[in-house]
Every structure is written in structure tokens, then in C-alpha cells.
Amino acid sequence: MLLRTGSYSLKASSPITQVAPLATSRLTAAIAVTVLTGWVAQIDLLKNFAPGMIAMNPFTAGGLLGASIALFLRQPIDAPKERRIIGQLLAGAIIAMGGLNLLFCSHNLVGPRWLMLPPLTDGSLVEVNGARISLSFVLIGASLLSLNWKSSRGFRPAEAASAVTAIIAVLSLVAYSHYLIGLYITSTYTPASLLTSISFFLLATGVLLARADRGTLAIIVSETAAGMLARRLIPLAILLPILIGALRQTAERAGLYDPTFGAAHSATTFMVLFFAAIWWTTRMLFRIDTNRMVAEGARQKQEEQVRQLNIDKIAAERASQAKDDFLAVLSHELRTPLTPALAAASYLAEHENLSPELHEEVVAIRTSVQLEARLIDDLLDLTRITRGKIELHLEVVDVHGLLRNSLEIARDNILQKQLDLVMDFGADRHHVWADAVRLQQVFWNLINNAVKFTKKNGRITVRTVNEDGRFVFQITDTGVGIEPEQLDRIFQAFEQGERSISRRFGGLGLGLTISKRLLELQGGTITVHSEGLNRGASFKLSLASVESPKTASVSRLIADEGPAKSLQLLVVEDHPQTLRVLAALLRKQGHKVLTAECVQAAIKLLEAEQFDGLISDIGLPDGNGCEIMRAAKQRQSLVGIALSGFGMEEDVRRSIAAGFDHHLTKPIDFQELQKFVGAMAVRSNHSAP
């Protein structure tokens, strides 16, 4: 069964499928038009192209012209419907013409008398539309009509019909080239002329190549070794016998050798030339195969390199993850023993009955612990920023308030070095959209650097202004300054200028790097200027300003109101010194405190007692504080404060998700813890009946 497949589309048409059919149809049409012109104008040379050759019949010329037009119309796969219909009608007419001639010739190889024309004036014969020409017309018309058809098994009738037509034409061409007179001139048979054989061969080739990207011809036009071999050897197998036969006949007629030697010479020449063609093609395929193997080796080597790079990437990612995990554990282990020291120092520093000498020592202890905690935070912040894990909680922030807080934190250090602090808060619009904690961290870094790098009795100037709708903060000191070649690297990690400065003032050189990245994440900028060593430095920070809020925050009102009553608190901590110090300090504030060192002990206390608040470490020997918080929420209503040496954003998220209201990272400043406990007391007082 034949199926119409003209509607399916090609992925990509080969250039030969577009150029070859058009070229062969035009060349055939040119031959047919020339012959018809010769018959109309009675010019014998145009009828056979050479004296003595068999002339093309005008009926044959007309049929070939129609076939060439049909091929031209049918060649495009996406030809318009009208064009396809005209091409199909012409193909049908050609089949009909050839079929009628076959019918007339069914009992006699010679065509009807009315198709037989007299010889030309020079005696040249005129071909008759005999069985061979008529069959060729039927075949070429059928191939044109079924150009886009194929069977359910993939058989293409157009391919088969045009291939048979080409074979018939090639046999005629071989007969002409070898001067086999008996094959094409007898008393009862005048075969196709040389021009007719050439025209049918051109048409058959054009039809085959019109859909060469389908069926059997797809192999020939493919870029495979088989296709390349076919494209080189098939034309040679057809053309070599014809050319060698023509050369042999020319040489024999010229008397160069007799027919016997000519036959042997032709066979030998064909063998040598065809062997040379095979050898040439084989060498070319060998080079292609060698290049393919080289390319395959290069591809495999590249794949191996990519695989190794992937292995190295995975190893690097694992190493990075291991480093981050190590830093997190290290920070936890470093923070935990600092917590009781900082909490006790913070409490004692605010004690009114402490002697001046002892107060100074306590302040020094608190400052040292805070500095140690800051170094740990800087390492973790750098890891967060590098991995893109840092989270910002943006809100409207009063920058002047943050600056005053930051200067208050640095007050003791400023007084200790007897620095002259000049403040000029001249910005009218001093609210920005930012993360208050992270922005205060930036200010603390800049103020701390100015204090650290300024000599005793030096000056620090802090000023704010508004420029082009932005809030601008500038801090200038009279300290050690920055060399010009160091200005471009001052914001790079671990950069502090000369090594002598690093050893003299300490630190890791991360503060400015972190400050710059934090500002960029909040839409801000920071620049630095210095005239050189011992000539001070000036840092300028810029953020977009916003309108100030109309109402004060609820958390600020609660914090300012202070504690209203004594609380029942549960403190869970596996570090004995931290647990003892925190419990003692909270009891001194008037609160009732019960303690536990593990999850199970804490849950038992929650089952036996009612609490206003839970202050729990996250990492515990038999679990974590999140389990305690979830268990507490199921039994009673209380406020949760998480304590952890793990200060990554993921740790904070997990604690909040478990039900904690606040998350404090160790080492804990007792004053900060006291604020949260005070807010807890106010909330408990307001909720009491």
C-alpha cells in the first residue's frame, strides 16, 4: 500500500537536493528547446549537435521539455498547491504519452509509421519513439508523480523508477561510447539518440537527488564514510567505461591500434583507473578515520579532564563545607568558655560598689572578651558572605541612634586613649532602609578602626550630611594613615597594610571587607582617602535616605519600660561555669531560676513547674534546645531565648522555627540578655489579670 507523505517536513535539506534537480531540469529543457528550434527552423545541426549522429525526434523533445518542467515544479518540498497540481498533471501526461507509444509498439519494436521521420539532408537518421524511449517516459513520469510517496515499509517507487530509467540511459551511452553499432542501428530498429540518452540520464539523476535526504539516496548524500565512498566511486563506475570507450573508438579510427589491442587496452585502463580511484578514496577514508580517532582521543581526554575537574570541584566543595563546619564548631567551642567571663564582667562593670581600680580591670576584661568574640564573628561573617548565606532583615533605621550606640560602645577605649572626639550630626534626613544590626556592625568596625589606629591624644571627627537625597557618614582620624599603593587593597580580606602595622595593632584585617560587602548588600557605598603614612585616614559611607517613621516601635517602648516583676525562669546549659554564672546573675536581678544541663532534665522540670521564660543552649549532650522549646510550647505559654555558639543564619532560622522568640550568640553580654528578660517581665505583667 502506498502512503502519501508529502506533508511531513525535513529536518534539514542538503544543498545537493536543492541545486542538482534545478540544474538537471534546466539543462534538459535547454537540450529539448534547442532540438525543437532546429526542427522549426530546419537547422539540422541543432537536431543532432553533430553531423552523422542520430537526431532527436521532435515528439521526444516535447516530452523531455514537459518532464523537465514537471521536475522544476515538483522539486520544492513546500511548493504551493497550484504548482504541485500542474507538476502532477504534466507527469500524468508524460505517462500517458509513453503508455500510448508502448501500446502501439506492443507487437512491433518499430514505432507507428506517423512517428517515423525521414533522414536529414546529410543522411543522419532520426530516432523513433520505440519501446525503450516510451518505457523511459513512463518510468520518468511515474517517478515525478510519486516523488513524495513511500510504502508502509519505506519503499519509494520514485527511487526505483528513476533508477531503472538511469540504467536504460547508461546502457545507451555505453553503446555509443564503444561504437556498438549493432546495439543501436539495425534495419528494423533505430534507438534513442545520444542527446535523448543524456537527457533521460539527467532527468533520472535530478529526480533521485530531489529527495536524496530520504530513502536509499540519503546514505549517498550523508557525511558518513559510506556516503563519501558512494559519491566518489558510483560516478566513476558510470563515467569511466563511457570515457574509455570514447577514447578507444577515437584512437582506433585514427589508426593508432587495432580493435583487439583496443579492447585489451580499454580493460587494462579501466582496471588501473578504477584501482587508482579506490586507492585515492581509501587513503582519504584512512585520513578521515585517523583524524576521527585523534579527535575521539582528544574528546576522551577532554571528558577525562572534565571528569577530573568535576571530581576536584566536588572535593573543593566538600573541603569548603568541611571548613565551614569546622569554623562553626570552632566558633562554638571558642564562644562557650567566653560566655561566663563576658557575662560576669558585664555585670560587674555596672556594679556601683566596685572600686575604681577594680572597675578598670573589669572593663579591660570585658573589652578583651568582646574583641575575641568580634574576631570570631568576623570569620563567620566572611564565610557567610562568600557563600551568599547572609540574611538581612531590612527596616527603617535611625542612623543617628545607631551611631550614638556605636560611639557608646567605644567610649571606654576613646577615654582610655584620651582622644578628642568631634561629632557633627548635621543630616536632617537620617533614616535609611537597612538591617539595624548589620549597619551598626559597619559603624562599630569603622569607629573601632579609627580608635585603634589613632595615637594617644589624637582626634576623631564624625559627621553626617545629606547629599543628593542620600545619607552620608564620614569618619576622619589623625592616625597612622594608609600608603597610596595600599588604598586599592584596603577592602580586600586580610589586608591591613604593612606587616608591622598588623603586628602592632592586631586583628585579622576582615572588618573593612565585611563592612563593604554588607553595605553593598544594602545598596550603600564606602570609599577611603588618605594622604599617606602618619597623615590619617577618612572613610565615607553613603546610603539612600527615607522618611522617618511616625510612631515609635513597640519593642522600644517595652524595653524602655523596664522589668515589672520577678520571673520564673528555666536556664538550660551544659557548660557548668556558664550555667552557674548566668543563674547567679539572674537571681541577683530578683528572678527565680531553675537549672538543667541536658534535654531530659529540662523536660522533667517543664512537666513539674510553670515558667515565664526558657533560656536554653542549642547544643546539648543528649539532643538540642529546639527539642526543649517544642516540648515547652506543648505544655505551657512562655518566652524562649536561645543561646548558641553557632551563629550562622541557618542556626537562627532553626531556633526561631522551633518556637524561640530570640536568639543570642555566645559569648553573651549580660546587659543584652537582661534587656530581653526585662521585656519578658513587662509582657508577663501586661498579660497578668
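Here, residues in each chain are numbered from 1, in the same order as that chain's written sequence. Only residues with pLDDT of at least 70 get local features here, since the model is predicted, and only at 80 or more are side-chain atom pairs given and counted; chain-wide, interface and lining totals rely on the full set of residues. Excluding hydrogens and water, the side-chain figures rest on all heavy atoms present in the structure.

Q: So, the overall build of the protein: which residues are in play, and what are the values?
A: Helix numbers and strand numbers start at the N terminus; a helix is a DSSP run of H or I with at least 4 residues, a strand a run of E with at least 2. Counting its secondary structure elements, the protein contains 23 helices and 16 strands. Burial statistics for the protein: of 689 residues in total, 44% are counted as buried. Here a residue-residue contact requires only that any non-hydrogen atoms of the pair lie within 4.5 Å. Taking the intrachain contacts of the protein between residues at least 6 apart in sequence as the baseline, contacts between residues at least 24 apart amount to 73%. A simple rule labels every residue: compare its accessible area, found with a 1.4 Å probe on the protein chains alone, to the largest value its type can have, and call it buried under 20%, exposed over 50%, or partly exposed in between.

Q: Residues and numbers for the confidence of the model for the protein, please.
A: You can read pLDDT as the predictor saying how much it trusts each residue, on a scale of 0 to 100. Residues of the protein with pLDDT of at least 70 account for 83%, and the chain-wide mean is 80. Low confidence marks residues 1-13, where pLDDT is under 50. Its contacts with residues over four positions away, or in another chain, come to 26 contacts. Here residues 551-564 scores under 50 on pLDDT; set against residues more than four positions off or in separate chains, the count is 12 contacts.

Q: Break down helix α6 (residues 157-177) for me, citing the residues and quoting the values.
A: Multiplying 1.5 Å by the residue count of a helix minus one yields the expected span of that helix. Compared with the 30 Å implied by 1.5 Å per residue over 21 residues, the 30 Å span of α6 between its first and last C-alpha is a close match. The element α6 is largely enclosed, with a buried count of 15 among its 21 residues.

Q: Could you give an account of the environment of Gly645, naming the residues involved and the relevant values?
A: Along the chain, Gly645 turns up in the loop between β15 (639-644) and α22 (649-658). Looking at Gly645, the relative accessible area reads 0%, which means it is buried. Separated by 312 residues in sequence, Gly645 and Glu333 have C-alpha atoms that sit 7.1 Å apart.

Q: Give me the lowdown on the packing of helix α4 (residues 81-104) against helix α5 (residues 131-145), citing residues and values where you can.
A: Angles run from 0 to 180 degrees between N-to-C directions of axes, and those axes are lines fitted to C-alpha atoms, restricted for helices to the stretch in contact. One can describe the packing of α4 onto α5 by two numbers: an axis separation of 8 Å at closest approach and a directional angle of 155 degrees. As the angle between them shows, α4 and α5 are arranged roughly antiparallel. Between α4 and α5 lies a crossing of left-handed hand. Facing α4, whose interface residues are Gln88, Ala91, Ile94, Ile95, Met97, Gly98, Gly99, Asn101 and Leu102, α5 presents Ala131, Ser134, Leu135, Phe137, Val138, Ile140, Gly141, Ala142, Leu144 and Leu145. Here is the rule for angles: anything less than 35 degrees is roughly parallel, anything more than 145 is roughly antiparallel, 65 through 115 is roughly perpendicular, and the remaining ranges are oblique. Here a crossing is called left-handed whenever its near helix is offset anticlockwise from the far helix by less than a right angle, and right-handed whenever the offset is clockwise.

Q: Could you give me a rundown of the sheet that holds strand β16 (residues 662-665), with the residues and numbers involved?
A: Note on pairing: DSSP must find at least two bridges between two strands before they are called paired. Spatially, β11-β10-β12-β15-β16 is the arrangement adopted by the five strands of the open sheet, whose pairing is parallel. At either margin of the open sheet sits one strand with a lone partner, and together these are β11 (592-596) and β16. Strand after strand, the sheet turns through a mean of 20 degrees between neighbouring axes, direction not considered. Across five bridges, the pairing between strand β10 (residues 568-572) and β11 is parallel. Across the sheet, Gln568 pairs through a bridge with Lys592, a residue of β11. Along the sheet face, helix α19 (residues 576-588) touches β10, β11, β12 (613-617) and β15 and points at about 170 degrees away from the line of β11.

Q: Tell me about unusual backbone geometry, and name the residues and values.
A: Of note, Phe49 is a non-glycine position whose phi angle comes to about 70 degrees, a positive value. In this structure, Phe49 sits in the loop between α2 (45-48) and α3 (58-74). Positioned with a positive phi, Asp468 is a non-glycine residue whose angle comes to about 55 degrees.

Q: Talk me through the pairing of β12; I want residue IDs and the actual numbers.
A: Looking down a regular strand, the side chains alternate between one sheet face and the other. Within β12, five of the five residues are buried, which leaves the element mostly enclosed by the surrounding structure. Covered by surrounding structure in β12 are Gly613, Ile615 and Asp617 together with Leu614 and Ser616, the residues of both alternating faces. The pairing of β10 with β12 spans four bridges and is parallel. Counted as the bridge partner of Leu569 is Gly613 from β12.

Q: Mind laying out the pattern of salt bridges, listing which residues take part and the relevant values?
A: Any Lys or Arg side-chain nitrogen located within 4 Å of an Asp or Glu carboxyl oxygen qualifies as a salt bridge. Tallied over the entire structure, the rule returns 12 salt bridges. Across the pair Arg411 and Glu408 runs a salt bridge whose closest N-O atoms are separated by 2.9 Å. Classification of Arg411 by relative accessible area gives partly exposed; the value is 38%. The partly exposed category is assigned to Glu408, whose relative accessible area is 47%. Across the pair Lys540 and Glu467 runs a salt bridge, and its minimum N-O distance is 3.6 Å. One end of the pair, Lys540, is in strand β9 (residues 537-546); the other, Glu467, is in strand β6 (residues 459-467), and 73 residues separate them in sequence. It is possible to trace a salt-bridge network through shared partners that takes in Glu296, Arg299 and Glu303.

Q: Break down the side chain of Thr28 for me, with residues and values.
A: Inspection of the secondary structure puts Thr28 in helix α1 (residues 15-41). Looking at Thr28, its side chain comes within polar contact range of the main-chain oxygen of Thr24, at 2.8 Å. Two N or O atoms form a polar contact when they lie within 3.5 Å of each other; inside protein one atom must be a possible hydrogen donor and the other a possible acceptor, and for residues adjacent in sequence the pair counts only when both atoms belong to side chains.

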